Amino acid sequence: MTDTVASQLTFAIPKGRILDEALPVMALAGVVPEDAFHDKGNRALSFATSRPDMRLIRVRAFDVATFVAHGAAQVGIVGSDVIEEFDYADLYAPVDLDIGHCRLSVAVPVGSEGPARSASHLRVATKYPNLTRRHFEAKGVQAECVKLNGAMELAPSLGLARQIVDLVSTGRTLKDNGLVETDRILDISARLIVNRAALKTDPRVAELVAAFRRVTEEGASA
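Let us look at the structure shown here. (Residues numbered from 1 in each chain as written. Predicted model: local features only at pLDDT ≥ 70, side-chain atom pairs only at ≥ 80, totals over all residues. Heavy atoms only, no water.)

Quick word on the nonpolar core
Here is step 1: Of all hydrophobic cores here, the largest spans 30 residues; its most connected members are Phe 11, Met 26, Val 31, Ile 77, Leu 97, Leu 192 and Phe 212.
Here is step 2: Mapped by element, the contributors of at least two residues to this core are strand S1 (9-14), helix H2 (19-28), strand S3 (54-59), strand S4 (75-79), strand S11 (190-195) and helix H9 (203-221).
Here is step 3: Take this core: its biggest share by element is six residues, from H9.
Here is step 4: Leave out the neighbours within four places in its chain, and Leu 192 touches Phe 11, Val 75, Gly 76, Ile 77, Tyr 92, Ala 93, Pro 94, Val 95, Leu 97, Leu 208, Val 209 and Phe 212.
Here is step 5: Residues Ala 12, Phe 62, Val 78 and Val 106 belong to the second largest nonpolar core, which totals 29 residues. (Core = buried A, V, L, I, M, F, W, Y, C linked by side-chain atoms within 4.5 Å. Buried < 20%, exposed > 50% of the residue type's maximum accessible area, 1.4 Å probe, protein only. Helix = DSSP H or I, 4+ residues; strand = E, 2+ residues; numbered from the N terminus. Contact = heavy atoms within 4.5 Å.)

Pasting the structure below:
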């Protein structure tokens, strides 16, 4: 039993917005989770798949990149925002899955666009401190990042930060909270990611890359 587990590939997938779009793509590439995966009451984090040599782990998006970069998982799916934020050397993103589209943007309270944008130092609430600092440094602005994992839109009204950097899809959440988008930092889509060492040493990883690439190419030409 131990040998079987040790020889299994571990495929890390994110909870949240990307998952529903990722599952059909995974199925076309031959990766189908067991029925228990779809049970809303199931709190398990590891699941069997249609392949006896592969298990799925369902974790937070930021953790997908960490598991794969450190070799605890060999393959994963995650947004390009996470890849760019961590910039792990041992992570390789060979396939753009063309799903999970959104953008990482700067937003401020409506009516405060001008003064905030001309400041040389800003406090910014964000889940993405590295991307945020790089964006503002390129504009000659020093950004003091306040790390939040959610409810970013509350930060300006509560005096925590003058600006936020967050994911934007339709912009409805910003509008509902009295914010307006001022800069687009990064256009985002979900990517297949692999551990570089595993790609070199385990032919199954290269086969998965080829399978997902084939699925996306066929989808693009359909």
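Overview of the sheet that holds strand S9 (residues 163-168)
Here is step 1: With mixed pairing, five strands are arranged side by side in an open sheet as S8-S7-S9-S6-S10. Of all the strands in the sheet, just strand S8 (142-147) and strand S10 (179-188) have a single pairing partner and so form its edges. Each strand of the sheet is rotated relative to its neighbour by a mean of 30°, with strand direction disregarded.
Here is step 2: The pairing of strand S6 (residues 102-109) with S10 spans eight bridges and is antiparallel. Residue pairing for S10: Arg 103 is matched across the bridge by Asp 187.
Here is step 3: Relative to the sheet, helix H6 (residues 129-137) contacts S6, strand S7 (121-126), S8, S9 and S10, its axis offset from that of S8 by approximately 165°. (Pairing = 2+ DSSP bridges. Axes fitted to C-alpha atoms, helices over the stretch in contact; angles between N-to-C directions.)

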